[in-house]
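# Report on the structure
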Amino acid sequence: MALSKILPASQEQYTGARNMIINGAQNVAQRGAAGGTATTTASYLSVDRFKSDIDGSGGGDFSHAQVEDAPLGQGFRYASKITTVTQASQPTSESNRHQFYTLLEKQNTFHLDWGTSAAKTCTLSFWVKGSITGTYGFSFAHYGGSGGSIVSYYYYTNYTIDSADTWEKKTITVTGPTVGGNERDSNSLGTRIEWLIGVGSDAETGTLNEWTTSSTYRLAPNSVYLPENASATLYITGVQFEIGEATPFEHRSYNDELARCQRYTFTQARYGDGNIGEDAAGSTRIYSSRYGSNAAFVRYQYPVMMRENPDLTYSANSGATSANYSNAGHVQLYDSDDNAWYIYDLIAEAEL
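Scope of this entry: the structure provided in the associated data block.

What counts, and at which threshold
Residues numbered from 1 in each chain as written. Predicted model: local features only at pLDDT ≥ 70, side-chain atom pairs only at ≥ 80, totals over all residues. Heavy atoms only, no water. Helix = DSSP H or I, 4+ residues; strand = E, 2+ residues; numbered from the N terminus. Buried < 20%, exposed > 50% of the residue type's maximum accessible area, 1.4 Å probe, protein only. Contact = heavy atoms within 4.5 Å. Areas by Shrake-Rupley, 256 points an atom, 1.4 Å probe, with all protein chains shown as cover. Lys, Arg positive; Asp, Glu negative; His and termini not counted. Salt bridge = Lys/Arg side-chain N within 4 Å of Asp/Glu carboxyl O. Polar contact = N/O pair within 3.5 Å; in protein donor to acceptor, adjacent residues only side chain to side chain. Arc of directions from axis to C-beta. Pairing = 2+ DSSP bridges. Phe/Tyr/Trp six-rings, centres within 6.5 Å; stacked < 30°, edge-to-face > 60°.

Let's shift gears to the overall build of the chain. Regarding its fold elements, the chain presents 2 helices and 21 strands. Within the chain, the fraction of its 352 residues that count as buried is 52%. Look at the contacts in the chain between residues 6 or more apart in sequence, and 73% of them connect residues 24 or more apart. Just so you have it, the chain exposes about 15,100 Å², and 46% of that area is on carbon and sulfur atoms.

The following block contains the structure:
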C-alpha cells in the first residue's frame, strides 16, 4: 500500500498553487500586445492583471505593451515593457506618481493573516531589465479592517537595477502588518503590489521597510524617475508572490492562466462556439435566438464565473438593447424589435 508523505509545515506552501500572482509570466494579453499609453485614468492596457496609472500632470508619461523578450533559460517567453513616451523632468510634488501594479482579490490572500498577530512573511520575486540603472521605488498595500470598516496599510521599499539592459532577478521579503484586521468581503481588493515608474521628488524622504497607514509615498533619495529619460525602458516578467522564501517560478499552462484572467476580463474574440460566427471584417458574432415574432435574445455563457456582474461593451448589427439580464455567469441581452439581431466584439470586465 502506498504511503502519503506528510510535509513539515515549513514546506507546505511549496505544494499546489503557491504563486498568488495571476499571469506572472505575462503570457496573456486579451486586450492585445500593442497596449497603449498610460493616462490619469487607471487602465489595463495590455498584459492581463497588470494595470497602469498616472496621478498628476506635467511629469511625462509611459506606455505598456507585451513583448517577446525574457531572461534566457528561465522558461519565459513574454514580458511587460514600460517605455517613456513623453519625456519630462521629475516634478517636485509627491502627488505626481507613475504606477504599474497588480491587484489581488481578498479571498486569495486572506490566508496570509495580514492585519493580525499571525501575519505571515512572504516573498515577491521577479525578473527586470531596465535601460536606466539605479534605485526604483516599490510598494505593497494591505486592505484589511474589522467590523465592516476598511483599514489600509502601506509598505514602501525599493529594488536596484545594477546593469543597464540586462535581465536581473529581484526578491523582496515582507512580513505583513500585525494590526488593522483581516476582515473584508471575499471578492474585493485585498492586496496591491506596485512598481513605481516615478514619483515626485518630495517623496524621497521618510522611513522605508515599515508598515504605515499613510498613503503618502516614500522613496529612497535619488530614486529613478523613468519618464525624465527619453525612450527609457523597463521590462518585467516572472512575477511570483508566495509564503516564505522565494522558490523557482511556478509555470502554469496557458489555458490555466487564461482561465484565471477571465475571472476579471473576457474578450469574446478569443472563443467561439455553435452560436458564434465571423463576418468578412473578422469581427466575431454572437447570434441571437428568436423570441416571438420580432424579438430576440442573445445569450452566451462565460468560460468561467466572473468576479462580479461585469461591465459590458459590444457592438450590434442593428437595433438596440431593450433589456440586460446578464450576470457573473453569462451575458443575456434582449432586443424587442429585431429577430435577426446579433452582437460582436464583446468585452466583459469585472476588474478590481
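Before going further, it helps to spend a moment on the side chain of Asp48. Take Asp48: it is sitting in the loop between β1 (36-37) and β2 (51-55). Summary of buried charges: Asp48 has no salt-bridge partner, and the nearest side chain of opposite charge, Arg31, is 4.0 Å away. Only 2.7 Å separates the side chain of Asp48 from the side chain of Gln30, close enough to count as a polar contact. If we skip the residues at most four places from it in the chain, Asp48 touches Asn23, Val28, Ala29, Gln30, Arg31 and Cys261.

The next point concerns helix α2 (residues 254-262). Here α2 has its buried residues at Glu257, Leu258, Cys261 and Gln262. Along the axis of α2, the buried residues cluster in a sector spanning 140°; they form a single face.

A word on the sheet that holds strand β7 (residues 134-144). Spatial ordering of the open sheet is given by β2-β5-β10-β7-β8-β11, a layout of 6 strands whose pairing is antiparallel. Lying at the two open borders of the sheet, with one neighbouring strand each, are β2 and β11 (211-212). Relative to β11, strand β8 (residues 151-161) is paired through 2 bridges, and the arrangement is antiparallel. Its bridge partner being in β11, Tyr155 is matched across the sheet by Trp211.

Right, let's get into the packing of aromatic side chains. Throughout the structure, instances matching the rule amount to 24 aromatic pairs. Between the aromatic rings of Phe126 and Tyr159, the centroid separation amounts to 5.2 Å while the plane-to-plane angle is 85°, which identifies the pairing as edge-to-face. Residue Phe126 is located in strand β6 (residues 121-130), and its partner Tyr159 is located in strand β8; the two are separated by 33 residues in the primary sequence. Exposure remark for Phe126: the relative accessible area of 0% places this residue in the buried category. Ring centres 6.3 Å apart and planes at 80° place the aromatic pair Phe138 and Tyr159 in the edge-to-face group. Taken as a pair, Phe138 in strand β7 and Tyr159 in strand β8 lie far apart in primary sequence, 21 residues in all. For the pair Phe138 and Tyr159, one class covers both residues: buried.

The subject of this paragraph is the environment of Ala203. Among the structural elements, Ala203 can be located in the loop between β10 (189-199) and β11. In this structure, the C-alpha to C-alpha distance between Ala203 and Arg97, residues 106 residues apart in sequence, is 9.7 Å. When sequence neighbours within four positions are dropped, the list of residues in contact with Ala203 reads Glu94, Tyr217, Arg218 and Leu219.

Let us look at the sheet that holds strand β16 (residues 289-291). Read from one edge to the other, the open sheet built from 4 strands follows the order β16-β17-β20-β19, with strand pairing classed as antiparallel. Only two strands of the sheet have a single partner each, and these edge strands are β16 and β19 (323-324). The pairing of β16 with strand β17 (residues 295-301) spans 3 bridges and is classified as antiparallel. Directly across from Tyr291, in β17, lies its bridge partner Ala295.

Our next topic: unusual backbone geometry. You will see that Asp165, though not glycine, has its phi angle at about 55°, which is positive. With respect to the helices and strands, the residue Asp165 is situated in the loop between β8 and β9 (168-175). Of note, the phi angle at Ser231 is positive, near 60°, even though the residue is not glycine. Relative to the helices and strands, Ser231 is located in the loop between β11 and β12 (233-243). For Ser231, a relative accessible area of 55% gives the class exposed.

So, about the pattern of salt bridges. Enumeration over the complete set of coordinates arrives at 18 salt bridges. Residue Arg77 pairs with Glu68 through a salt bridge whose shortest N-O separation is 3.1 Å. Each of Arg31, Arg49, Glu349 and Glu351 takes part in a single network of salt bridges with overlapping partners.

Time to look at the environment of Thr284. On the secondary structure map, Thr284 appears in strand β15 (residues 284-287). Given a relative accessible area of 8%, Thr284 falls into the buried group.

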